[in-house]
Structures are given as C-alpha cells and as structure tokens.
4 protein chains.
Amino acid sequence: MPLGPDAAGVYPIAPTPFLPDGSFDAASAARLFAWYREIGSTGVTILGAMGEAPKLDHEESVAVIQSCVAHIGGLPVVVGVSAPGFAAMRALARSAMELGAAGVMIAPPNTLRTDDQIVGYYAQAVEAIGKDTPFVIQDYPLLTSVVMTPGVIRRIVMDNPSCVMLKHEDWPGLEKITTLRNWQRDGSLRPISILTANGGLFLDFEMERGADGSNTGYAFPEMLIDVVRLAKEGRRDQAHDLFDAHLPLLRYEQQMGAGLAVRKYVLMRRGILTSDAQRKPGAPLSTIAKQEVDYLLERLARFDKRAGALKAA
Amino acid sequence: MPLGPDAAGVYPIAPTPFLPDGSFDAASAARLFAWYREIGSTGVTILGAMGEAPKLDHEESVAVIQSCVAHIGGLPVVVGVSAPGFAAMRALARSAMELGAAGVMIAPPNTLRTDDQIVGYYAQAVEAIGKDTPFVIQDYPLLTSVVMTPGVIRRIVMDNPSCVMLKHEDWPGLEKITTLRNWQRDGSLRPISILTANGGLFLDFEMERGADGSNTGYAFPEMLIDVVRLAKEGRRDQAHDLFDAHLPLLRYEQQMGAGLAVRKYVLMRRGILTSDAQRKPGAPLSTIAKQEVDYLLERLARFDKRAGALKAA
Amino acid sequence: MPLGPDAAGVYPIAPTPFLPDGSFDAASAARLFAWYREIGSTGVTILGAMGEAPKLDHEESVAVIQSCVAHIGGLPVVVGVSAPGFAAMRALARSAMELGAAGVMIAPPNTLRTDDQIVGYYAQAVEAIGKDTPFVIQDYPLLTSVVMTPGVIRRIVMDNPSCVMLKHEDWPGLEKITTLRNWQRDGSLRPISILTANGGLFLDFEMERGADGSNTGYAFPEMLIDVVRLAKEGRRDQAHDLFDAHLPLLRYEQQMGAGLAVRKYVLMRRGILTSDAQRKPGAPLSTIAKQEVDYLLERLARFDKRAGALKAA
Amino acid sequence: MPLGPDAAGVYPIAPTPFLPDGSFDAASAARLFAWYREIGSTGVTILGAMGEAPKLDHEESVAVIQSCVAHIGGLPVVVGVSAPGFAAMRALARSAMELGAAGVMIAPPNTLRTDDQIVGYYAQAVEAIGKDTPFVIQDYPLLTSVVMTPGVIRRIVMDNPSCVMLKHEDWPGLEKITTLRNWQRDGSLRPISILTANGGLFLDFEMERGADGSNTGYAFPEMLIDVVRLAKEGRRDQAHDLFDAHLPLLRYEQQMGAGLAVRKYVLMRRGILTSDAQRKPGAPLSTIAKQEVDYLLERLARFDKRAGALKAA
C-alpha cells in the first residue's frame, strides 16, 4: 500500500538498535517494530536522523528496512532517504520500495537558501526517486538550517503529485499548520497529511491546529497515540492533562544532539532495547544525566503506570 | 555596587514596554521595574535581545536605563551592550555605567567561528568597555550561532578579570554547568556567577547542576524566584512540582521569535504592562495563539493562583 | 540631487582614513574625496563595510559625511546605513540626507533566509528611512550570507519606488545581470542602476553584461574609470588589456578580511592617505604581505605608470 | 606507494567525465588520467567536490578509482572520501586502498563549529578509515563553512600520524602557510605536504610562502606545473609572468558553483573530454558564458600556444 495524503495517527520515528559493540541489534529491532504495532501505531518511519541513518552503510540500511517490514505487521513503512547526492538517494529509495516500503522521507541539504533552490531541489529529488514513489517533506530548520515558508511547501506539493505528507517540525510552527490548512480549505493547496515532530514539544496544540498526528520518537509513543486520539475525540482537557504529565521528560528528550541517548536509555529501561548504545559519533549520557532521567521517570510513574514498570538502570 | 561573581538569585530579563503607537511606555516601565523588586528579584537585566534593544536609538536606550535605575530600588542593573561595532558598544557601556548600572552583558556577533576568534572578540570588547566595567558573557548559540566550549569560556574568564557572570543559555547545556563547576572546584577556573536562561526550559535541573539562579524573562518571574529558592533549600520535589506546573506555558513562551509576544501578552494580562505592543520587526500573536495562551493560563490557575488573577484578554 | 536609476560610471567605495592613534584623519579624508572627483568619479559611497562603518559612533559617521559632502564637489554621495536595528538606520539615514547625501545603501542582516523575509526586511527598512529617501540594495552574499534571487530583487524594486540602484556583488553573478537586464527589456522590471563590486573581480565582463559602472574601492579607481569608459565605447580588447594588467593586484586586494589593509596600504603609498591604520578589529598587513604588494606594484608599473609613482614603503 | 609528507608538485583535481546521457564516460576518463601523467603531474586527486563525487553511487566511484589507477601510470592517487557518515566513508576508503589508492582526502562536514569538534571529527574519521590509511585534510571554508585555525591543523597533524598532507584552500590563506612552515621550523609541527587549491587563485604567492605544489583542477594544469617548477627554481618573474597570463581565465573558472562547467568546457575544447556534461544538480554554461570563455581562450593564446590549439566550440 503506497503512502497517501490520508495518513494519520502516530508514525513513531524508530531508533536503530545497536549492541554495545556497535553491530546492528536485530533482536531488539524485531521487538521494537512489533511493539510499535501492538500499542496502536498506524505506521512507522525508519532511517531518519534519529535512526542514525548516516552511520549505516547501504547493506545495513537494507537490513533495517527488512526487519521493519517483517515485524511491523503490514503497517506503512516510511524510509528516510536524505543523502548528500542523488545517486545515494536513488539507490536507497529503490531498495526501500522494492523491499515493501510505503514511501520515503527527504530532508533538504543545509546548503539551500532561496525559495527557488528548495523547490528545485525537491524537483530533482523526485526525478531521482521516481515520480511514482510517495514522499514526505521533512521540514526541520533547527536541524537543516533550511527555512521553508508555507508558500514553498505549497509549491512543492502542487508541483509534485507524489508528495503526500509533511513531517512538520518547524519551530515555532503552529501558524504554519493553520496557514496550510486554510489553503486546503480555500482550494489553493491539495490535501496532504501533516504529522508533527520536533520531539513532540507542541503536539497538544498542533493537533488543535489541524495536524493529522505525530511523527516523532518519544520513548513513550503510547502517550503520543493517546493524545492524538483524545484530541480527535475533542477531549481537550484530557489530552492536555496527559501531555503535560509527560512534558518534563519529553522536554528532556527533545534536546538537540543529546536527545537520542535519552530516548534509547528509556527504551532500554522499558525493556524494548537490549542496549542504549549509539554508533559514533554520538555522546552517551553522563551518570548524572541518567539519574536525572530516572528521577523524571519516577515522577512520571505517579501519573502513568507504564513509567513505573521499568528494568533496573 | 559593581556586579560581582557572587551574583545569585533571579535577574529577570526585562522587556521594553511600548505603547501601541510604538513610543516608549515609561509608566509601564516604572511599574515593571518596581514589581521586579517587590516580588524578590535580586537584580535585573535590560536591553537584551528580548528587550528589543536593536530597535532603540541611543537616547531611548538611555531612557530605559534611567527608568530602571530609578525604580529598581538599588538592585544591580545589567545592561545589554551587544553591538555590531565597538564604537556603539563603548558608547552604550559608558552611558550605562555613568547612569548607575552594575555591569554590562555582551553576546558575540554571529560571524565568529573559531575558539581564537571568540576569545579575541571578548578581549577587544573589554578594551572598548574598559577593564573596570564588570561584564556578563551571553552564551546563546540558538540565537547567535556562536558555539563556545567550556574551554573557551574559561579562557575568557581567566583572561579578563572583569568577567563576572555567565548568562548560560546553551542548549543542551547541563553538562556545561557541571564542567565549569568542576573546574572551579579543581582550581583551574576562578569563581563566576552562572545564571541560566534559554527561556528557563531547564531551570529545574540547572539549579541542581550548580547554577546560581535564573536570568530569563518568563512572565511569571515569581515561579523562577521560588524554584531557585526551593532548589537552594534542597526541596527537590517541591521545586520540580512548581516548575512542572508552569512548564506548559513556559514552553509556549520559549518559542524563538514568537516568545516575546507571548511574554508581553501575559504581562499585560497580569496588569504589569499597559500594552503588549512590540516595535517592528516583531510579529504579534494571532487570535488563535492568544486563545491558546489564555487556555494555558486557565490551566495554570488551578495550580498557581497568580495565573487566575488576570485582566480580561 | 537625489540619486536616480540613471546613476552610472564609478562610485568608489571610500575607506575611512584613520591616524595611527585611531582618530579620524580629516586631512586625508578631504584629500581622498577631492581626488575621487578629480580623476573622474561620478559619485562616491561612504560608510560601507569597507569604510569600517560599524567602528564609528554616530558623531564620527556624521563627520565623515560632512567631509565627503564638503570635498566631493557636488557629486552624489551614497551613505551606508546598514544596522542591526531600524532605530539606528533611521537616525543615520536622516542625518545623511540632511547633510546632503543623495541616497543610502542597505545590506540585509545575515539572519534572513526566505524570499519573503528579505522582501519584508526592505519594506520595513523603507519605512524606517522614509519613502522619499533613494536607496541602494547591497547584494553581497559572501559577506552577508543572504542570497537574493533576481526575482527577489525585482520584488524589492517593484514594491519600493525609492529603490534606485543595485550594488551587485553576488558571486558568481554574471547571469544575474543578464537576467535583470532582460527583465527590464521585457518590461517586467523598471529600470534601475546596476553598479558592480565584489572588489571588481569581474568588472570586465560585468560591463559587457549590462552593468552601468563600478562601485568598489580598488586602490586604482582610475583603472575602474577607464575600463568602464572603454567598455561603453565598445573598445573591448583595450578594456580587457587594462583590466588584465591590474588583475594580479586587484585579486590580491579582493581577499575577504585582508583586503582593506591592502587597499589602505596602496593608497598610502600613492600619497592619498597619511596612514594605512585601521580601527580594531582589523588585521594589519604582515611584512611579507607588504613586500608582496610592493612586488605587484612594481610589476604593474611596467604597464601603468601611476603604479610607478609611489612613496617609499 | 602510500602517500607521504614529502608529496610535492601538481596533483590535479580530476573532474569525472560524463556523456551527455549522464553515464560515466570511461574513454574520456582514461584519456584524462593518461594526459595528467604525460604533462608532468606528480599525482592526482579524484572524487573530490569538483569530481561530482556525491552524484556517484558506490559502484560508480569504484569504477572511477579503477580507471584512474589503470591509466595514471603509477602516480599516487588520492581519493576523496568525505561523507555525511562514517559508514560510507569507511566503505569508500577501504575500496580505494584495496584498488591501489595512495591515500584519501577528508573535508569536514559543515556542521562543525568549535576547535574541539573539528579535532574530534578527524579523530573519529581516522578510526573509520583505519590508522594506516594516509589522509589529506581539505581546508576549504568557502565550501564547508568550517574554519580551521593553524592551531587546529597542528592538533590534527600531531594527533594523527597518518595525516600527511594539507589541501590548503583557505581564503585568505597566505599567512596560514607561513605560520605552519614556521611551526615546522621551530619543531612544534612535524613536516607535512602543503598543496594549495581554491582554484589556484594565489598559487604564485603560495609557492613563495612555502607550499609544495598545487592541488587544483584548472583546465590548463600545464601552467600549474610550470609555475610550481619556476617557483622552485627561484625564477620569480617568469613564474608570475606565466601565472598572470592565465589569471583572467583562471579567475573565471574559480567561480563557486559555475566553475566546474567552465573547466569541463575548456577540457572538451582541448580535446581531453568528449563532453562537458555534468550530472544534476549542475548548471550548464549559458551561450554568452561560453562566448566569454572562448574570448578568454583567444586572448590567452597570444601568450600560451596551447590555448590556441582547440577544437571548435
């Protein structure tokens, strides 16, 4: 099933599990993907920046895709194919689609500046991946330094029928969702899926502004799933109550650079990953940082019992 | 009293009040500064980026300094003097000190790259402001694009006896505090004051890592004051309870670019500012954004009664 | 006489002369401006980046403007008013026009990214300087990191009737001139003056592409004047012969950062400036660099006798 | 023969030849590499930025390496292995060395800011490529935005015995060569080879400052070879005479972004390449730009007969 503009719900951004020796941890990957399905995810995104994609060679990337497709139980799989050149992007996109992915995700390289450069880049990327490969725009200026106005996103969407989703992680970004949804309403933009990320830091209000769901990797994706559901049911206070209870930890995990270590550490403590190892370059958590995360987990457990059922640190 | 390395507590980052026609709102400024003192601030910082300093000409900057000194009741006043050239920096620093400021704050220009460039810049800045003018390093890479390692900060501190404080707003930045405090302990760094900012997003843990207090402009500075006090008293859970209750709003206010509008809007609703007007360039809050802030204030009022006693929006 | 879209010829970018103690060298300034007029300049630009404008306070800037207006013999004077905030820009633009300037020059701040941000910035700048103040767009991405497409320049020109000139120093930039001139021809862009800069490194071909002249500070502005004249007369080979003879030195002077020291050193050796001093920050030439410049001057003297009539180094 | 710190002479930066349909042009590659050897090159660098490396997939990169090793006649081959992640870097470096390369070249990613980040990056890169693989530091801030002080280069050289060469293309950069050579003289830096690039724009003086040769891709590498030889023989005036004759064309070719099209066009006109095609993204020369290059070639032919013996445009 190709990814379509009606995608909604929660597509967790999957970390890539490694063993302490740096090798790909296939057992943890299988467990992780199966778990995503069990808890109610509607899809999954792999090999993004938080999936340590640039640290994998082509064969390893293929192994991650295969593991995901095998264990995700038929949910749509989106594969990050951002690359410094179109040759590598083409090769990975082709492999991904052949292996059963539903679409690919493309972030712009941080050398782009003008509106035309950004629009032109996506036109060339579409040539590289093929016009029949559904793709997601990753809009993450904090990471890429590339600033896309709503108008630029509209140009990309309208120029390229295979563009089906926006991974929205501009910051601040609430007005951008409102603008795009208004444009859909007035007919100047065709419908696309908007899933939001940037660590989930504004998911509460993003849903109210018209997002279709979440596309981030917070270590309690159940919360993302519940908040998205509550918001869609119009249960505003409950959505915020749940979100706010997680916000202290979520904020801690959203730190640029350091966040992935927190995420893997919590997933390890939750029994999903065998190890919180990252490949180089990647800073591990200090002892004191682990204690801080542990403290946040203890506090969270007063509200969410899932945070209480942890393995020893 | 010149600013010293023993500065601690909360130095709010003051916004500059304007009337809807763009003129300086002296009445609100007087009220704001008096209020900072009343609630227990230990100092104040004016004419920072969030004080819209680049939108003021020299005479207006002088008026803000005079108002602050007149109404802050003898607390130390720190004046932002960052400028694209040393001529303007020298002129403003001289005016500030003559008018009664306790010290000045300097952020590096976003053209600096190497360690030596940063260290060299501060050496030249000290020549410009005079070696007897106490100064604060503003370390805010999200805003300035300048990344200072702990080692660079140490070089600046050790080279320049007039450096007395670090306005710490690196992100992520917890390990940086720990490193600097360890260096003080082992004697390789002389003592300096560390007040933290970046909107206050990590104040809870920054205090535990060894910060001396807070130097940000969150619209409920009473919370910053209470959290700093609770942390110093070792009442960890209470500090986090209070901090967490404010975190949803604080996070909303910490948005780059949009944050100042939130801050001024809340201060207006609290009756401190007459208007939430900003000078150009500066985006006002949309109607929906104001409603979001109102909702966050309502939720906060369940925990903190100060958030309940508001003027009508 | 206000600056108009018919401006042409050579507007040297004037350095600001200083004495070795860092004070403004009024005598050299008077000599410099008078000399510009004598050799056939058609205007002059002061207080640009190469005029060390950020190192001057407001009073000093006023002194430079007054000196220029007094000695330039009625030629149009363009004043750089780029500033981090509109307050300072407004103040300097007002002073400049009151003192007799013909227009002002505005470079975009290096925080701008999207097309709309750039267009919006110039709209606000025009509000600040007043709609009746003619202004020049400085398009210098190597210095500002701001990339303006031809389309963005057209938007600024068409939105703002007071925009009369483009200081073109994009690099590479030949196609940009051709595009803009084609747009003038097809009526989608109203006429503006295009003077080129970036140290003059492509003046030979820029004239052939349709530039109206030169707006740079090379230490032999007579060459710029002659090349512009020869090009307009259609004497292509002679224009290139002269340009090529100067290219080794011109290239040496065009180095970012180091170039101003070369320029001031040569102007001192030519007897125009009393000293080659720069204000801080500003690296002086090393002894070996001076010897390299001397060698280039000796070689140039074989072709251009003006390079032979120098003061001792 | 592994690359050593005694490397000298001219290592042309080879373009990757393509046919108009975008496929690798093996015949032109063979001709190009054989020609480099015949004219007196002492080595060659392939798969750099000007070799369109990011547009090749791994198999194509291997094909280029094989072609080069097969036709370069035993000269040392340096292979660019810069990559966004260490997995790809490791894979390409291993292939390169197995196929007979003498060493690899590594440029820093444009996200690095502090001195420690740069030094740390090279330490991790050495782990990836293996400590026995000789490598070249590519120091090209205009392309990478990474600024390396001489001190940072020294730290990399002293930390990593496998660092044997600096591809120097900082700009301005003459003082950097002098500083490094002084440090070799005083014993604080072990000897390394310094070959200079940045299009060759300062080769004349770089040789006089102590460079060992040239490492750029100018379309008349014979000139580079002759200038390096003349400089080493102490024939200063002759070196400059030859260099200056080529400077107008060399400057035209040195334009960022547009330069490769010029280079390939001239190599095509010289009969070395069958086509001047680039892979996307890559702007072709406009008709008028080709005419400008043709004109520069005509002018050059008056001085260097090689520029007269061209194929029809």
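Residues numbered from 1 in each chain as written. Chains lettered and ligands numbered in written order. Predicted model: local features only at pLDDT ≥ 70, side-chain atom pairs only at ≥ 80, totals over all residues. Heavy atoms only, no water.

Trainee: Any chance you could explain the interface of chain D and chain A here in plain terms?
Mentor: Accessible area lost during the coming together of the parts is what is often quoted as the interface size. Each partner contributes residues to the interface: chain D has 14 residues there, and chain A has 14 residues. Buried area between chain D and chain A, summed over both chains or domains, comes out near 1,200 Å², and the portion from carbon and sulfur atoms is 57%. Contact with chain A buries area across many residues of chain D, yet P54, A87 and K280 of chain D alone supply 33% of it, more than any other trio. Here chain D is connected to chain A by two salt bridges. In this structure, the salt-bridge partner of K280 of chain A is E127 of chain D, at a minimum N-O distance of 3.0 Å. Mapped by element, the contributors of at least two residues to the side of chain D that touches chain A are α3 (86-98) and α4 (115-129) of chain D. Tallied by class, the residues present in the side of chain D that touches chain A amount to six nonpolar, four polar and four charged. (Contact = heavy atoms within 4.5 Å. Buried area = accessible area lost by both parts, 1.4 Å probe. Salt bridge = Lys/Arg side-chain N within 4 Å of Asp/Glu carboxyl O. Helix = DSSP H or I, 4+ residues; strand = E, 2+ residues; numbered from the N terminus. Nonpolar A, V, L, I, M, F, W, Y, C, P; charged D, E, K, R; others polar.)

Trainee: When you look at the sheet that holds strand β6 (residues 163-168) of chain C in this model, what are you seeing that I'm missing?
Mentor: In sheet architecture, strand pairing relies on hydrogen bonds along the backbone and comes in two forms, parallel and antiparallel. Read across the open sheet, the eight strands follow the order β1-β8-β7-β6-β5-β4-β3-β2 (chain C); overall the sheet is parallel. Every interior strand has two partners, whereas the edge strands, β1 (9-10) and β2 (44-46) of chain C, have only one. (Pairing = 2+ DSSP bridges.)

Trainee: Honestly, the relation of the copies chain D and chain A in this entry has me stumped. Any pointers?
Mentor: Here two copies of a chain appear, and what relates them is a rotation about an axis with a shift along it. Superposing chain D onto chain A takes a rotation of 180° combined with a translation of 0.0 Å along the rotation axis, leaving an RMSD of 0.0 Å. This pairing of chains is accounted for by a two-fold axis. Within chain D, the C-alpha atom positioned nearest to the axis of rotation is that of P84 of chain D, 3.6 Å from it. Most of the interface of chain D is mirrored in chain A, where 100% of its interface residues again form contacts. (Least-squares fit on C-alpha atoms with pLDDT ≥ 70 in both.)

Trainee: Sorry, what's going on with the confidence of the model for chain A here?
Mentor: Residue-level pLDDT values for chain A average 96, and 100% of them are 70 or greater. For this predicted complex, the interface confidence score (ipTM) comes to 0.97, while the overall pTM stands at 0.96. (pLDDT = per-residue confidence, 0-100.)

Trainee: Please clarify how the environment of L112 of chain D should be interpreted in this entry.
Mentor: All names here are of chain D. Along the chain, L112 falls in the loop between β4 (103-106) and α4. Between the C-alpha atom of L112 and that of S145, which follows or precedes it by 33 residues, the distance is 8.4 Å. If sequence neighbours within four positions are ignored, L112 has contacts with Q117, I118, Y121 and V146.

Trainee: Whenever I open this one, the sheet that holds strand β7 (residues 193-196) of chain A confuses me. Can you help?
Mentor: Residues and elements named next belong to chain A. In space, the eight strands of this open sheet follow the order β1-β8-β7-β6-β5-β4-β3-β2, with parallel pairing throughout. Every other strand in the sheet has two partners, leaving β1 (9-10) and β2 (44-46) as the edge strands with one partner each. For strand β6 (residues 163-168) and β7, the ladder comprises four bridges, and the chain directions are parallel. When the sheet's bridge partners are listed, L166 is paired in β7 with I194. Across the sheet, helix α3 (residues 86-98) is in contact with β3 (77-80) and β4 (103-106); its angle to β4 comes to roughly 150°. (Axes fitted to C-alpha atoms, helices over the stretch in contact; angles between N-to-C directions.)

Trainee: How should I be thinking about empty space enclosed by the protein in this particular structure?
Mentor: One way to see where empty space is left: roll a probe the size of a water molecule over the atoms. All names here are of chain D. In the structure shown here, the tally under the stated rule is eight cavities of 30 Å³ or more. The calculated volume of the largest cavity comes to roughly 220 Å³. Top contributing element to the lining of the largest cavity by residue count: helix α11 (residues 259-269), with three residues. Partitioned by chemical class, the residues of the lining of the largest cavity number eight nonpolar, 10 polar and four charged. (1 Å grid on protein atoms, 1.4 Å probe; cavity = no way out; pocket = protein on both sides within 12 Å on 5 of 7 lines; lining within 4 Å. Points joined across faces, edges and corners; volume = space filled by probe spheres on them.)

Trainee: Honestly, the environment of L75 of chain C in this entry has me stumped. Any pointers?
Mentor: Residue and element names in this part refer to chain C. Within the secondary structure, L75 is located in the loop between α2 (58-71) and β3 (77-80). Residues L75 and A101, spaced 26 residues apart in sequence, show a C-alpha to C-alpha distance of 9.5 Å. Each residue touching L75, except ones within four places of it in the same chain, is listed here: R37, S41, T42 and G43.

Trainee: Just to check I follow, could you spell out the relation of the copies chain A and chain B for this structure?
Mentor: Mapping chain A onto chain B is achieved by rotating through 180° and translating by 0.0 Å along the same axis, at an RMSD of 0.0 Å. The residues that chain A uses at the interface reappear at the interface of chain B in 100% of cases, marking a shared surface.

Trainee: Would you take a moment to explain the packing of helix α9 (residues 221-232) of chain D against helix α10 (residues 236-253) of chain D for this structure?
Mentor: Each pair of packed helices gets described by two things: the angle between the helix axes and the distance between those axes. All names here are of chain D. In contact at an axis separation of 9 Å, α9 and α10 are set at 155° when each is read in the N-to-C sense. Relative to α10, the element α9 lies roughly antiparallel. Read as a crossing pair, α9 and α10 show a hand that is left-handed. Of the residues in α10, those in contact with M223, D226, V227, L230 and A231 of α9 are Q238, A239, L242, F243, H246 and L250. (Parallel < 35°, antiparallel > 145°, perpendicular 65-115°, else oblique. Left-handed = near helix turned anticlockwise from the far one by under 90°.)

Trainee: What's the story with the interface of chain A and chain B in this structure? I'm lost.
Mentor: Taken together, the contacts link 33 residues of chain A with 33 residues of chain B. At the boundary of chain A with chain B, total buried surface from both sides reaches about 3,000 Å², with 59% on carbon and sulfur atoms. As a salt-bridge pair, D204 of chain A and R251 of chain B come within 2.9 Å of each other at their nearest N and O atoms. Remark: the boundary between chain A and chain B carries 14 residue pairs in polar contact (both at pLDDT 80 or more). Considering every element that reaches the side of chain A that touches chain B, the biggest residue donor is helix α10 (residues 236-253) of chain A, with 10 residues. The residue makeup of the side of chain A that touches chain B, split by class, is 17 nonpolar, five polar and 11 charged. (Polar contact = N/O pair within 3.5 Å; in protein donor to acceptor, adjacent residues only side chain to side chain.)

Trainee: Explanation requested: the packing of aromatic side chains in the structure shown.
Mentor: The way to describe two aromatic rings as a pair is by their centre distance and the angle between their planes. This structure, assessed with the given rule, holds 32 aromatic pairs over all chains. Pairing F202 of chain A with Y252 of chain B gives two aromatic rings, centres 6.1 Å apart and planes at 65°, and the pair type is edge-to-face. Here Y252 of chain B lies in helix α10 (residues 236-253) and F202 of chain A lies in the loop between β7 and α8 (203-209), a pairing that spans two chains. For the residue pair F202 of chain A and Y252 of chain B, the accessibility class agrees, reading buried in each case. Counting every residue linked through ring pairs, the aromatic cluster contains F86, Y121, Y122 and F135 of chain A. A cation over an aromatic ring shows up here: R236 of chain C above the ring of Y295 of chain D, its NZ or CZ 3.6 Å from the ring centre. (Phe/Tyr/Trp six-rings, centres within 6.5 Å; stacked < 30°, edge-to-face > 60°. Buried < 20%, exposed > 50% of the residue type's maximum accessible area, 1.4 Å probe, protein only. Lys NZ or Arg CZ within 6 Å of the ring centre and 35° of its normal.)

Trainee: Even after reading the chapter, I still don't get the pairing of strand β7 (residues 193-196) of chain D, so can you show me in this structure?
Mentor: All names here are of chain D. Of the two faces of β7, the one holding S193 and L195 and the one holding I194 and T196 are both buried throughout. The parallel pair strand β6 (residues 163-168) and β7 is bridged by helix α7 (residues 174-185), and the resulting crossover is right-handed. Of the strand pairs in this sheet, β7 and strand β8 (residues 213-214) are connected by two bridges, and their pairing is parallel. Paired with L195 across the two strands is G213, which belongs to β8. Chirality of the crossover, the property in question, places the unit of β7, helix α8 (residues 203-209) and β8 among those that are right-handed. (Right-handed = clockwise from strand over helix to strand, strands pointing away.)

Trainee: I keep staring at the pattern of salt bridges and nothing clicks. Help me out?
Mentor: For side chains of opposite charge, pairing can occur when their charged atoms come near one another. Applying the stated rule across the entire model yields 96 salt bridges over all chains. Between R263 of chain B and E253 of chain B there is a salt bridge, with the nearest N and O atoms lying 2.7 Å from each other. Pair noted here: R263 of chain B is in helix α11 (residues 259-269) and E253 of chain B is in helix α10, with a separation of 10 residues, a long-range link. For the pair R263 of chain B and E253 of chain B, one class covers both residues: buried. Among the salt bridges present, the one from D212 of chain D reaches R181 of chain D, with a minimum N-O distance of 2.6 Å.

Trainee: Can you help me understand the side chain of R113 of chain C in this one?
Mentor: Assignment of secondary structure puts R113 of chain C in the loop between β4 (103-106) and α4 (115-129). Although R113 of chain C is buried, it makes no salt bridge; D115 of chain A carries the closest opposite charge, 11 Å away. Excluding residues within four positions of it along the chain, R113 of chain C makes contact with R113, S145 and V147 of chain A together with I118 and S145 of chain C. (Lys, Arg positive; Asp, Glu negative; His and termini not counted.)

Trainee: In this structure, what is going on with the environment of A96 of chain A? I would like to understand it.
Mentor: Residue and element names in this part refer to chain A. Position of A96 among the secondary structure elements: in helix α3. For A96, a relative accessible area of 0% gives the class buried. If sequence neighbours within four positions are ignored, A96 has contacts with I65, V79 and A101.

Trainee: Just to check I follow, could you spell out unusual backbone geometry for this structure?
Mentor: When glycine is set aside, most residues are seen to have a negative phi, and most peptide bonds are trans. For the bond running from K280 of chain A to P281 of chain A, omega is -10°, close enough to zero to count as cis. Mapped onto the secondary structure, P281 of chain A falls in the loop between α11 (259-269) and α12 (287-301). The residue after W171 of chain D, namely P172 of chain D, is reached through a cis peptide bond having omega 0°. Tracing the sequence through the fold places P172 of chain D in the loop between β6 and α7.

Trainee: What is the right way to look at the packing of α11 of chain B against helix α12 (residues 287-301) of chain B in this model?
Mentor: Residue and element names in this part refer to chain B. Contact geometry for α11 and α12: axes closest at 11 Å, N-to-C directions at 55°. Viewed along their axes, α11 and α12 adopt a mutual orientation that is oblique. Our pair here, α11 against α12, has a crossing hand that is right-handed. Together, V262, Y265, V266 and R269 of α11 and K290, V293, D294 and L297 of α12 make up the contact between the two elements. Along the lines of polarity and charge, the residues of the contact of α11 with α12 split into five nonpolar, no polar and three charged.

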